[in-house]
Amino acid sequence: MTIRTLDSLGSLAGKTVIIRCDLNVPLKDGIITDDGRVRASLPTLQALAAQGARVVIVSHLGRPEGKPEAKYSLAPVAERLSELLGAPVAFATDTVGESAAAAASDLSDGGFALLENLRFNAGETSKDADARRTFAEQLISAVSADAFVSDGFGVVHRKQASVFELAELLPSAAGLLIESELHVLDQLTETPTRPYAVVLGGSKVSDKLGVIGHLLPKVDTLLIGGGMLFTFLAAQGFQVGASLLEKDQIETVKGYLAKAKELGVTIVLPTDVVVASKFGADAEHTVTSAETIEETPFGASGLGLDIGPDTSAAFAAVIEASHTVFWNGPMGVFELAPFAEGTRAVAAALTRVDGLGVVGGGDSAAAVRALGFTDDQFGHISTGGGASLEFLEGKRLPGLEVLGW
Ligand SMILES: Nc1ncnc2c1ncn2[C@@H]1O[C@H](COP(=O)(O)OP(=O)(O)O)[C@@H](O)[C@H]1O
Ligand SMILES: O=C(OP(=O)(O)O)[C@H](O)COP(=O)(O)O
C-alpha cells in the first residue's frame, strides 16, 4: 500500500508547514530522560528546512486533560530540539493564540517554531468531530498554514485534531519517520518469518488488552508481562494484591485464553513475580509464585512490580527461539532499579533473535537505552507502541488512512 509522501506537496519554499511530531518524551523533574523521539523527528524537520519551508512543529506530551499543566509543557523539548538541529527553535506558549501567531509570523524560510502542548486544548482529543475540526481550523488560522506534514507515528492510531482533521483540511503528506516505520512494520504484517512472538507489557493496560483479540490469529506465541499480567492472573482465579488490575476486563481476558487454545496459539504467562511493599525504589520486595501474590509479608497490599527470574528465563527462551519478535511495554517498573530485571532479560534476549527483533513504544525504547543497550542491537526501534500494535493487528489507522494509506 502507498501513502502520500513529501514530494506530493510540491515545493514548500516560503510556505508555512505544520508538522505533527510525537515529541512525547519521558521527563523527570523537567529533564528529558530519553530523547529518542526528538532524534527520530529530525530527518523530516531538516528536509523541510532544507527546502526553505517555515516549519511550525506541533506535538502532545503526556495526557493533560484539555487545560494547561506546567509539568506537561513542551518547553524543555524546544531546547533539546534546538540543540539537536543546531538552529534556533522559537517556543510559543500557546497553540492557537497570540504567542503561536507571533512565533509563526516571525519565522524566516527554513526556520523552526514549536507550539505548546496540543492537549492543553480540549479540542485536540475531543470525541466530538466538530470540536476537533474547529480546533484544527484555529491552528491553521493562527499560524497561516499552507500545508501539513504528519510525522508523529506514535499517534497515528488516535483520531485527534492534529492527526486527522489537520490532514483533511490542508494539503497533507506523511513525513520520513512515518515512511520508515511503515517500511519495517509491513514486514511484520505481511511475511513474518515464523515462529512469530509478540511480547506485551507496560501500563496502558486497557489500550493494549484491546488489541490481543485481533493479534492472536497472527502470532505463534504471546508473552504477557508488565501491568496487564495481573488481569490475566485474576482471570485464572488468582489474587493479585494491590497490583494494576482491570477488573472489568477479566471476562474479556478469559475469552482470549479460550480463543488462544482454540487457535493453537501459546499464551505464556508469568509463573513468578516481584512483589513490593509499596511503589518506590526503597520498597521492601520479594519474589513469589504468581499464584501466591497475597501470601508474602505484604499481604493484600503487595504490589507486583516486575516479572520474576523464572519467568524472565522462560520468556528469554521463547524469544530466542523465534525468528520474528515484536515487543511493546516494559516487563516491570524499570525506572526503579529493583524492578528492572525482567525488562533487562527481555531486551537482552531480543538482541539475540535470529531474525527480526523489534522494540516499539516510547517507554520501551527509553527502557532499553536506560538499561545500557544501543539502538543498533535491535532490528528496529519503533517510536510507537500502541500505534505499532494496532498496525500489527491489521487495523486501519485514522492517521494513516487520511494520508491515503
Ligand atoms: N507491573 C507494573 N505496574 C505498574 N507499572 C508498570 C508495571 N510494569 C510496567 N509498568 C510501567 O509501564 C510504563 C510503560 O508503559 P507504556 O506506556 O504502556 O509503554 P510504551 O510507552 O513502551 O508503549 C513504564 O513507566 C513502567 O514503569
Ligand atoms: O507514548 C505514546 O504511545 P505509546 O506509549 O503507545 O508508545 C504516544 O505518544 C501516544 O500517546 P497516547 O497513548 O497518550 O495517545
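Residues numbered from 1 in each chain as written. Chains lettered and ligands numbered in written order. Predicted model: local features only at pLDDT ≥ 70, side-chain atom pairs only at ≥ 80, totals over all residues. Heavy atoms only, no water.

- An unreviewed UniProt entry lists the protein under the name Phosphoglycerate kinase, with Subtercola frigoramans as the source organism.
- Regarding the protein, the relevant UniProt record gives this comment under Pathway (unreviewed entry): "Carbohydrate degradation; glycolysis; pyruvate from D-glyceraldehyde 3-phosphate: step 2/5."
- Looking at the protein in UniProt, the text filed under Catalytic activity (unreviewed entry) is "(2R)-3-phosphoglycerate + ATP = (2R)-3-phospho-glyceroyl phosphate + ADP". (UniProt positions renumbered as here; feature names shortened; annotations may be inferred.)

## Here we look at the confidence of the model for the protein
Do not read the predicted coordinates in detail wherever pLDDT is low.
Next up, step 1: When pLDDT is averaged along the protein, the result is 97, and 100% of the positions lie at 70 or above.
Next up, step 2: Interface confidence for the predicted complex, expressed as ipTM, amounts to 0.97; the pTM equals 0.95. (pLDDT = per-residue confidence, 0-100.)

## Re the site of ligand 1
Next up, step 1: Around ligand 1 lies a shell of 20 residues, among which Lys208, Asn328, Glu335, Asp363 and Ser364 are the nearest.
Next up, step 2: Within the contact set of ligand 1, an oxygen atom lies 2.4 Å away from a side-chain nitrogen or oxygen of lysine 208.
Next up, step 3: In isolation ligand 1 has 590 Å² of accessible area, and contact with the protein removes 90% of it.
Next up, step 4: At the level of secondary structure, the elements contributing two or more residues to the shell around ligand 1 comprise β14 (303-307) and α12 (362-370).
Next up, step 5: Per element, the largest residue contribution to the shell around ligand 1 is three residues, and it comes from α12.
Next up, step 6: The class makeup of the residues in the shell around ligand 1 is five nonpolar, 11 polar and four charged. (Near = heavy atom within 4 Å. Polar contact = N/O pair within 3.5 Å; in protein donor to acceptor, adjacent residues only side chain to side chain. Areas by Shrake-Rupley, 256 points an atom, 1.4 Å probe, with all protein chains shown as cover. Helix = DSSP H or I, 4+ residues; strand = E, 2+ residues; numbered from the N terminus. Nonpolar A, V, L, I, M, F, W, Y, C, P; charged D, E, K, R; others polar.)

## Considering the side chain of threonine 288
Next up, step 1: With respect to the helices and strands, threonine 288 occurs in strand β13 (residues 285-289).
Next up, step 2: Taking the relative accessible area as the measure of exposure, threonine 288 reaches 12% and is therefore buried.
Next up, step 3: In this structure the side chain of threonine 288 is engaged in a polar contact, spanning 2.8 Å, whose partner is the side chain of threonine 292.
Next up, step 4: If we skip the residues at most four places from it in the chain, threonine 288 touches Thr271, Asp272, Val273, Val275, Ile293 and Thr296. (Buried < 20%, exposed > 50% of the residue type's maximum accessible area, 1.4 Å probe, protein only. Contact = heavy atoms within 4.5 Å.)

## What to know about the sheet that holds β14
Next up, step 1: One open sheet accounts for three strands, arranged β13-β12-β14; its pairing is antiparallel. Looking at strand neighbours, the two that pair on one side only are β13 and β14, the edges of this open sheet. Each neighbouring strand pair of the sheet contributes to a mean axis angle of 40°, computed without reference to strand direction.
Next up, step 2: The pairing of strand β12 (residues 272-276) with β13 spans five bridges and is classified as antiparallel. Its bridge partner being in β13, valine 274 is matched across the sheet by valine 287.
Next up, step 3: In the packing of helix α10 (residues 309-320) onto the sheet, contacts are made with β12, β13 and β14, and the angle to β14 comes to roughly 35°. (Pairing = 2+ DSSP bridges. Axes fitted to C-alpha atoms, helices over the stretch in contact; angles between N-to-C directions.)

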